[in-house]
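# Observations on the model geometry
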Amino acid sequence: MHPLILSTTLLAAIVFVGCDKSTPIQEEHHSLFETIEHAAIHMQDATGRAVSADTAMPGPHLDPDSIDHRRIDVTLPAMGSGFGGYIHFGPDATGDRLVCFDIAAPLAITNRSGSGDTPIAIERSFTAQEIADSANTDFIKSAYLFEAEAGGNILKIGPVSQSAIKVIIEEVEHDHDH
């Protein structure tokens, strides 16, 4: 075999097989921060959908059309030592979701189905510093990854120190550990 053909063949084999410098964790990390970057674009939109959260579950329902690639401007009622409240979406919106806020805010998620209310685990949370460093934006101060389930996915926001919060809910695809 001619040396040039052999060299070209070996180089092609290395490129297609051995040059993958990313691991699945790095690819997932990159994908999640790309989603946060995308959400930051929507966080800057001139107008969002105005919603008033409720002090009791489940709170106002958000139709899929009203949250898909749109900012939700949520007014939070007084709750406990600050402001907080409930909003929800579903029943057909299932799969991985990333909830992004324009301020640092706690989030708890509950699923309401025919069998009752069950907490949904937050798979990953992101701080303002992580977001600034990896997604290169300061429009989003906190974000949470979770898997939405069939039924109502109820978001409890807060308590926070202000009565208004901007929310983006984005669909995400990523690998699971299970």
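What comes next is a walk through the structure. (Residues numbered from 1 in each chain as written. Predicted model: local features only at pLDDT ≥ 70, side-chain atom pairs only at ≥ 80, totals over all residues. Heavy atoms only, no water.)

## As for the overall build of the protein
Check the secondary structure of the protein and you find four helices and twelve strands. Buried residues in the protein amount to 38% of all 178 residues. A separation of at least 24 residues holds for 77% of the contacts in the protein among residues at least 6 apart in sequence. Carbon together with sulfur atoms contributes 55% to the accessible area of the protein, which is approximately 9800 Å² in total. (Helix = DSSP H or I, 4+ residues; strand = E, 2+ residues; numbered from the N terminus. Buried < 20%, exposed > 50% of the residue type's maximum accessible area, 1.4 Å probe, protein only. Contact = heavy atoms within 4.5 Å. Areas by Shrake-Rupley, 256 points an atom, 1.4 Å probe, with all protein chains shown as cover.)

## Examining the pattern of salt bridges
Opposite charge on two side chains lets them pair, provided their charged atoms get close. Tallied over the full model, the rule gives four salt bridges. Residue Glu171 pairs with Arg97 through a salt bridge whose shortest N-O separation is 3.9 Å. Of the two residues, Glu171 is situated in strand E12 (residues 164–171) and Arg97 in strand E6 (residues 95–101); the sequence distance between them amounts to 74 residues. Between Asp117 and Arg112 there is a salt bridge, and its shortest N-O distance comes to 2.8 Å. (Salt bridge = Lys/Arg side-chain N within 4 Å of Asp/Glu carboxyl O.)

## Regarding the packing of aromatic side chains
Inspection of the entire model under this criterion finds three aromatic pairs. Taken together, a centroid distance of 6.4 Å and an interplanar angle of 55° make the contact between Phe89 and Phe146 tilted. Note that Phe89 is positioned in strand E5 (residues 82–89) and Phe146 in strand E10 (residues 142–148), a separation of 57 residues in sequence. Phe146 gets classed as buried once you look at its relative accessible area, which sits at 0%. (Phe/Tyr/Trp six-rings, centres within 6.5 Å; stacked < 30°, edge-to-face > 60°.)

## Some details on the environment of Asp102
With respect to the element layout, Asp102 can be found in the loop between E6 and strand E7 (107–113). Taking the C-alpha atoms as reference points, Asp102 and Ala164, 62 residues apart in sequence, are found 9.7 Å from one another. Sequence-distant contacts of Asp102, that is, excluding residues within four places in its chain, are made with Met43, Phe139, Lys141, Ile165 and Lys166.

## Section: the nonpolar core
Counting 26 residues, the largest nonpolar core has Phe89, Phe101, Leu155, Ile157, Ile165, Val167 and Ile169 as the members making the most contacts within it. Contributions of two or more residues to this core are made by strand E3 (71–75), E5, E6, E7, E10, strand E11 (152–160) and E12. In this structure, Ile169 is in contact with Leu62, Ile67, Ile72, Phe89, Arg97, Leu98, Val99 and Leu155, ignoring residues within four places of it in sequence. Core analysis: the second largest hydrophobic core is formed by 16 residues, Ala40, Cys100, Ala135 and Ala143 among them. (Core = buried A, V, L, I, M, F, W, Y, C linked by side-chain atoms within 4.5 Å.)

## Quick word on the pairing of strand E8 (residues 116–120)
Sheet analysis places E7 next to E8, joined by five bridges and oriented antiparallel. Bridge pairing in E8 places Arg112 opposite Asp117. What sits between the antiparallel neighbours E7 and E8 is a turn of two residues. (Pairing = 2+ DSSP bridges.)

## A look at the pairing of E3
Note: strand E1 (residues 49–52) against E3, four bridges, orientation parallel. Across the sheet, residue Ala50 finds its bridge partner in E3, namely Asp73. Two strands pair when backbone bridges link them, and E3 and E12 are joined in this way by five bridges, in the antiparallel orientation. The partner of Ile72 across the bridge, within E12, is Val167.

## Here we look at the environment of Pro64
Checked against the element boundaries, Pro64 lands in helix H3 (residues 64–67). Pro64 gets classed as partly exposed once you look at its relative accessible area, which sits at 46%. Taking the C-alpha atoms as reference, Pro64 lies 7.2 Å from Ala93; in sequence the two are 29 residues apart.

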